[in-house]
Amino acid sequence: MTSTRRRVDSSAVSAFLPVVAVIPLWLLALAIVWLPLRVVWHISFVTLSLGYLAAALLLFLRPVQVAILAPLLGARRPTRHERATLDIAWRSVLQANRLPARRFVIAVLPIDELNAFACGGHLVVVTSYAIDTLPRDELSGVLAHELSHHLGSHTVALTIGHWLSLPVVALARIGFFLQNVATAATRTFARRSSSLTVLGQLTSALLMAISWVFLSGLLLSNVIANVVGRNAELQADRRAVTMGFGRPLASALRRVISERRGERPTTFRERLAATHPPARTRVAQIEALLRLRRNR
């Protein structure tokens, strides 16, 4: 039996680095929203900012995760057939950790990809492909890994970071849309006037610059999140081994290696974009931990 207590792993702390990186952009985006808003609604910027932060706490409530967060991620409730498979695989993980079934929620992402992830405070999302193709022991290993993220508090900073990024992403998209509108309007209505053409081009360039400021900041935050997130994956693997699910998890990862040939990132850009360590690296770590436990 393993301990069911949540704890704050080192990865849970380092995961706040990308959150810190996105805060200036979030404040700027919120200020752009607040300026016209205060005309019709007398609210201070501090109040709006604190209210937005407080709303992030709702994402850690189970009913909100089921009703709002899971659909936003494209996930749904398991079908009867999927529930039958998940219940058996999930029950062994819960029993190993002495956890009640009501504590966490499983949702299904209907895509043809072998994947699973944890988010919020209680949500575990697994793909329909993983449910259909993985043997039950390997599915238990994958679920144990995702539960490890929750028990290590790895999902807290990730959820907050995504919440803060929403207005930034929205304004970046609006900026690019308006830039395209300004460019089209300039070409259509101002082509006979040099002054209007220059004005339209300046407006388009300004909108593009603002959009790229938001987008570049998000890309930097994502790169930091990918770098610090890889250690969280290795820590979750170690906890899954402690739970007793190391071998089935390693088997599931070998299946990932066979299905995604050449999955190891080779270029610098691919390494920055990688959200997980290479599956071969994870398998090697799990096997080393299993040998160490066996020798003990």
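Bear in mind the structure is a predicted one, so any value in this text is a computation, not a measurement. The written sequence of each chain sets the order in which its residues are numbered from 1. Totals for whole chains, interfaces and linings use every residue, but because this is a predicted model, local features are given only for residues with pLDDT of at least 70 and side-chain atom pairs only at 80 or more, for both listing and counting. Only hydrogens and water are set aside when side-chain values are computed; all heavy atoms of the structure are taken into account.

Chemist: For this particular structure, what's the right way to read the sheet that holds strand β3 (residues 123–127)?
Modeler: In sheet architecture, strand pairing relies on hydrogen bonds along the backbone and comes in two forms, parallel and antiparallel. At least two bridges found by DSSP between two strands is the condition for calling them paired. Put simply, DSSP marks the helices as runs of H or I at least four residues long and the strands as runs of E at least two long, and each gets a number from the N terminus on. Within the open sheet, the three strands sit side by side as β1-β3-β2. Their pairing is mixed. Edge positions in the open sheet fall to β1 (105–109) and β2 (116–119), since each of these has one partner strand only. Neighbour-to-neighbour, the strand axes of this sheet turn through a mean angle of 25°, independent of strand direction. Taken together, the five bridges between β1 and β3 define a ladder with parallel strand orientation. Of the residues in β3, the one forming a bridge with V105 is L123. Axis definition: a line fitted to C-alpha atoms, over the contacting stretch in the case of helices. Angles run 0 to 180 degrees between N-to-C directions.

Chemist: For this particular structure, what's the right way to read the packing of helix α7 (residues 136–151) against helix α10 (residues 246–259)?
Modeler: Two measures define how a pair of helices packs: the angle their axes make with one another and the distance between the axes. It is at 7 Å that the axes of α7 and α10 come closest, and there the two elements cross at 100°. Put simply, α7 runs roughly perpendicular to α10. Residue-level contacts link D137, E138, G141, V142 and H145 of α7 to P248, L249, S251, A252 and R255 of α10. Along the lines of polarity and charge, the residues of the contact of α7 with α10 split into four nonpolar, three polar and three charged. When describing relative orientation, an angle under 35 degrees is termed roughly parallel and one over 145 degrees roughly antiparallel, while 65 to 115 degrees is termed roughly perpendicular and anything else oblique. Contacts between residues were defined by any pair of non-hydrogen atoms, one from each residue, lying within 4.5 Å. Under the scheme applied, nonpolar residues are Ala, Val, Leu, Ile, Met, Phe, Trp, Tyr, Cys and Pro; charged residues are Asp, Glu, Lys and Arg; polar residues are all the others, including Gly.

Chemist: Could you clarify how one ought to interpret the pattern of salt bridges in this entry?
Modeler: Side chains that differ in charge, positive against negative, can pair when their charged atoms come close. We define a salt bridge as a contact between a side-chain nitrogen of Lys or Arg and a carboxyl oxygen of Asp or Glu at a distance within 4 Å. Overall, the coordinates contain seven salt bridges when judged by the stated rule. One salt bridge in this structure joins D9 and R239, with 3.5 Å as the shortest N-O distance. Taken together, the residues span a long stretch of sequence, with D9 in the segment before α1 (10–14) and R239 in helix α9 (residues 194–243) at a distance of 230 residues. In terms of burial, D9 and R239 fall into one category: buried. Salt-bridge contacts for R255 lead to E138; the nearest nitrogen and oxygen are separated by 3.0 Å. Separated by 117 residues along the polypeptide, R255 in helix α10 and E138 in helix α7 bring together distant segments of the chain. A 1.4 Å probe rolled over the protein chains alone gives each residue an accessible area, and that area as a share of the maximum for its type sets the label: buried under 20%, exposed over 50%, partly exposed in between. When its relative accessible area of 8% is taken as the criterion, E138 is described as buried. When salt bridges that share partners are traced, they join R7, D9 and R239 into one network.

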